[in-house]
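# Structural overview
Each chain, letter by letter, is given below.
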Amino acid sequence: ILRDHQFWDNLRSILMHLEPLARAANATQGDSARLDIVLVTLANLFYYYSSTAALVREVADAVLRSLEKRWAAADQDIFLLALVLNPYVRLSCFSLRSPFRTPGNICAMAEAAFTRFYGMEPGVEFGDELVSYLTKKGTWSDERMKLKHRKEQAKAERVEVDLIRLWREWTPICDEDDSDSTMDMPTTGAGRLALLATRILAMVPNSTSVERIFSLFGIIHTKHRNRLSKHKVRKQTLIRVDTARKFSSGVRQKRKFGAMSDDEDDDATDTSFDRLPARSL
């Protein structure tokens with residue numbers, strides 16, 4: 001078998017078909033996965049399996065049908081808004097002929113999502129602020145949002161940009177002592193836009209964190225320590241999770257495929273949207 005060139009050619013073909021799916025699973029099952037990452041991952045998979053001529057057509061078609069089925073069952077507006085509300089992307093991923101390049105369509109989706117989440121109309125200022133955000137004007141320009149600085153800082157710390165923290169800077173701070181719950185709703189268009197963005201970008205599209213916590217429960221509450229109360233198990237789990245969050249390097253080692261250098265591997269697992277195929281959506 002080792003001398004059989006056909007065997008190795010077939011193995012390379014299998015790798016070519018399975019590697020993108022493995023990378024996609026790695027990106028979408030992480031703790032830092034967001035809805036926009038999931039959408040871009042699906043788009044990249046669709047682009048790869050529909051445009052790579054070296055693939056077996058039957059296999060590629062089966063993957064494409066699966067992607068279409070999953071996208072049809074998804075809450076598409078929320079996924080699209082998650083991508084748009086990533087200030088490093090906004091409208092740059094959509095083709096010039098896409099209906100999502102039109103601010104009016106995006107505003108309609110965002111206003112419907114706001115009403116759906118909070119049971120009230122967002123107001124006229126909300127649409128004006130969203131259009132300014134989409135066109136990078138005023139408060140929502142790259143310079144005012146300090147996007148370059150945040151990205152350089154995150155790169156130096158070897159972590160991803162915290163989009164939730166970025167958007168929370170534009171959310172009004174409410175008085176915790178105020179008993180009137182209606183005061184928690186921002187009254188400005190910018191505040192309501194930030195509120196919608198933090199809600200959508202905070203959505204977790206997988207159960208990885210929950211499964212990891214259950215694994216920690218099993219590690220702490222073993223058959224040799226079966227008399228631990230549930231309260232002590234919970235406290236020890238919280239301490240372990242908090243310690244790992246504060247003192248870990250934040251960099252998860254990725255499984256490599258093929259003879260790639262470290263730089264190439266970092267690029268391949270990057271989720272900063274700099275390596276997207278042009279106009280992929």
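Everything numeric here is computed off the predicted structure, so don't read it as measured data.

## Notes on the environment of threonine 198
Within the secondary structure, threonine 198 sits in helix α9 (residues 189-201). Relative accessible area serves as the criterion here: at 12%, threonine 198 is assigned to the buried category. Sequence-wise, threonine 198 and leucine 163 are 35 residues apart; in three dimensions their C-alpha atoms are separated by 8.0 Å. Sequence-distant contacts of threonine 198, defined by excluding residues within four places in its chain, comprise Ile164, Trp167 and Arg168.

## Section: the packing of helix α4 (residues 76-84) against helix α5 (residues 103-118)
Direction vectors running N to C along α4 and α5 enclose 115 degrees, while the axes themselves pass 10 Å from each other. As far as their axial angle goes, α5 and α4 are roughly perpendicular. Every pair of crossing elements has a handedness; the one defined by α4 and α5 is left-handed. Contacts between α4 and α5 involve Asp77, Ile78, Leu80, Leu81 and Val84 from the first element and Ile106, Met109, Ala110, Ala113, Arg116 and Phe117 from the second. Grouping the amino acids of the contact of α4 with α5 by side-chain chemistry returns nine nonpolar, no polar and two charged.

## Remarks on helix α3 (residues 57-73)
Here α3 contains 17 residues, and its C-alpha end-to-end distance of 24 Å stays within 8% of the 24 Å for a straight helix at 1.5 Å per residue. For α3, the full list of buried residues reads Ala60, Val63, Leu64 and Leu67. The arc that holds every buried residue of α3, seen down its axis, measures 100 degrees, which confines them to one face. Within α3, the exposed residues directed more than 90 degrees away from the buried face are Glu58, Arg65, Lys69, Ala72 and Ala73. Where α3 is buried, its residues touch α1 (5-28) and α2 (35-51).

## Focus on the environment of valine 124
Take valine 124: it is sitting in helix α6 (residues 124-134). Taking relative accessible area as the criterion, valine 124 reaches 69% and is therefore assigned exposed. Valine 124 sits 13 residues away from glutamate 111 along the chain, and the two C-alpha atoms are 9.8 Å apart.

## What to know about the nonpolar core
Within the largest apolar cluster, 45 residues are counted, with the highest numbers of intra-cluster contacts made by Ile106, Leu130, Tyr133, Trp167, Leu193, Leu196 and Ile200. Looking at this core, the elements with two or more residues in it are α2, α4, α5, α6, α7 (147-157), α8 (163-168) and α9. At eight residues, the largest contribution of residues to this core is made by α9. Apart from residues lying up to four places away in sequence, isoleucine 106 is in contact with Leu81, Val84, Leu91, Phe100, Leu130 and Leu134. Counting eight residues, the second-largest nonpolar core is a separate cluster that includes Ala24, Tyr49, Ala60 and Val63.

## Focus on the packing of α2 against α3
Between α2 and α3, the least distance of the axes is 9 Å, while the angle of their chain directions is 155 degrees. On the basis of their axis angle, the class for α2 and α3 is roughly antiparallel. Our pair here, α2 against α3, has a crossing hand that is left-handed. Contact residues: α2 offers Leu39, Leu42, Leu45, Phe46, Tyr49 and Ser50, while α3 offers Arg57, Ala60, Val63, Leu64, Leu67, Glu68 and Trp71.

## Focus: the pattern of salt bridges
Enumeration over the complete set of coordinates arrives at ten salt bridges. When the shortest N-O distance is used, the salt bridge between arginine 34 and aspartate 36 registers 3.1 Å. Of the two residues, arginine 34 and aspartate 36, both sit in the buried class. Between aspartate 75 and arginine 116 there is a salt bridge; the shortest N-O distance is 2.4 Å.

Conventions and cut-offs
Residues numbered from 1 in each chain as written. Predicted model: local features only at pLDDT ≥ 70, side-chain atom pairs only at ≥ 80, totals over all residues. Heavy atoms only, no water. Helix = DSSP H or I, 4+ residues; strand = E, 2+ residues; numbered from the N terminus. Buried < 20%, exposed > 50% of the residue type's maximum accessible area, 1.4 Å probe, protein only. Contact = heavy atoms within 4.5 Å. Axes fitted to C-alpha atoms, helices over the stretch in contact; angles between N-to-C directions. Parallel < 35°, antiparallel > 145°, perpendicular 65-115°, else oblique. Left-handed = near helix turned anticlockwise from the far one by under 90°. Nonpolar A, V, L, I, M, F, W, Y, C, P; charged D, E, K, R; others polar. Expected span 1.5 Å × (residues − 1). Arc of directions from axis to C-beta. Core = buried A, V, L, I, M, F, W, Y, C linked by side-chain atoms within 4.5 Å. Salt bridge = Lys/Arg side-chain N within 4 Å of Asp/Glu carboxyl O.

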